[in-house]
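Per-entry structural report
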Amino acid sequence: MQKVKISDNAIFGSCPLFACRRCRTKYGWEHQVWCEMSCVTRPTCVDCRYFSSQGGGCAHPAKRTRKEELPYEEAECAL
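Here's a quick rundown of the structure. (Residues numbered from 1 in each chain as written. Predicted model: local features only at pLDDT ≥ 70, side-chain atom pairs only at ≥ 80, totals over all residues. Heavy atoms only, no water.)

1. Focus: the pattern of salt bridges
Side-chain pairs of opposite charge can arise whenever the charged atoms involved come near each other. The criterion, for reference: Salt bridge, as used here, is a side-chain nitrogen of Lys or Arg placed within 4 Å of a carboxyl oxygen of Asp or Glu. Helix numbers and strand numbers start at the N terminus; a helix is a DSSP run of H or I with at least 4 residues, a strand a run of E with at least 2. Note on exposure labels: buried denotes an accessible area under 20% of the residue type's maximum, exposed denotes more than 50%, and partly exposed covers the range between, all computed with a 1.4 Å probe on protein chains only.
Per the stated rule, a full pass over the model turns up 1 salt bridge. For E36, the salt bridge goes to R22, with nearest N and O atoms at 2.9 Å. Taken together, the positions of E36 in the segment before β1 (51-52) and R22 in the segment before β1 put the pair 14 residues apart, joining distant regions of the chain. Accessibility expressed as a relative area gives 37% for R22, which makes it partly exposed.

Structure (structure tokens):
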């Protein structure tokens, strides 16, 4: 088996919904090569694209339930 090496630029943080406010790369992935935050591997909420200074924290978008994720109900035949 081959060992997986975690990059020095991989994003580590306490919030799994973190996204870099510069390159918008999600938590756990590498920052874009041009991103000035690539040297920060443990970002704070202030570095998150969802950070709101008015609310004083991250305001992640609400997860919506898609129609496909609702319980499947078979349509009854009208014939």
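2. Quick notes on the state of the cysteines
For clarity, the cut-off: Disulfide assignment relies on a single distance test, namely cysteine sulfur atoms paired within 2.5 Å.
Counted under the stated rule, the structure contains 0 disulfides. The structure places no disulfide on C15, whose sulfur is separated from the nearest cysteine sulfur, that of C58, by 5.8 Å. The partly exposed category is assigned to C15, whose relative accessible area is 24%. In this structure C45 is a free cysteine whose sulfur lies 3.4 Å from that of C58, the closest cysteine sulfur available. You can call C45 partly exposed: its relative accessible area is 40%.

3. Details of unusual backbone geometry
Positive phi, close to 65°, is recorded for R24, a residue that is not glycine. Looking at the element boundaries, R24 is found in the segment before β1.

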